[in-house]
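A look at the structure
What follows is each chain in one-letter form.
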Amino acid sequence: MDDKDAERIMELVPNAKYKKILANHVIHAFEQKQYINAIEDFTSDLKESSERTN
């Protein structure tokens with residue numbers, strides 16, 4: 001996915017979030033810490049959002 005694709009998704013999907021990590025194709029292998037941090041941030045945001053709506 002390139003920046004143009006990401007911009008288009010952000011236009012089409014309400015409340016979408018995009019985190020760019022420069023890591024070639026196998027992000028979880030080349031940038032493990034950044035990948036894990038991004039996943040943890042994402043799940044934390046989901047949990048907080050769920051708690052606000054309940």
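With respect to the confidence of the model for the protein
The predicted coordinates should not be examined in detail at positions where pLDDT is low. The predicted model of the protein averages 88 in pLDDT, with 100% of residues at 70 or higher. Mean pLDDT values for the elements of the protein range from 86 in helix α2 (residues 27-30) up to 94 in helix α1 (residues 3-12).

Remarks on unusual backbone geometry
If you check the backbone angles, Asn-15 has positive phi at about 65 degrees while not being a glycine. Position of Asn-15 relative to the elements: it lies in the loop between α1 and α2.

Brief notes about the pattern of salt bridges
If you walk through the whole model with that rule in mind, you get three salt bridges. Residues Lys-20 and Asp-3 are paired through a salt bridge, measuring 2.9 Å at the closest nitrogen-oxygen approach. With Lys-20 in the loop between α1 and α2 and Asp-3 in helix α1, the pair connects residues that are 17 residues apart, well separated along the chain. We note a salt bridge from Glu-11 to Arg-8, for which the minimum N-O separation is 3.1 Å. Placement of the pair is Glu-11 and Arg-8 together in helix α1, with a separation of three residues, close to one helical turn. Using a relative accessible area of 58% as the deciding quantity, one classes Glu-11 as exposed. Arg-8 sits in the partly exposed class, given a relative accessible area of 46%.

Thresholds, definitions, all that
Residues numbered from 1 in each chain as written. Predicted model: local features only at pLDDT ≥ 70, side-chain atom pairs only at ≥ 80, totals over all residues. Heavy atoms only, no water. pLDDT = per-residue confidence, 0-100. Helix = DSSP H or I, 4+ residues; strand = E, 2+ residues; numbered from the N terminus. Salt bridge = Lys/Arg side-chain N within 4 Å of Asp/Glu carboxyl O. Buried < 20%, exposed > 50% of the residue type's maximum accessible area, 1.4 Å probe, protein only.

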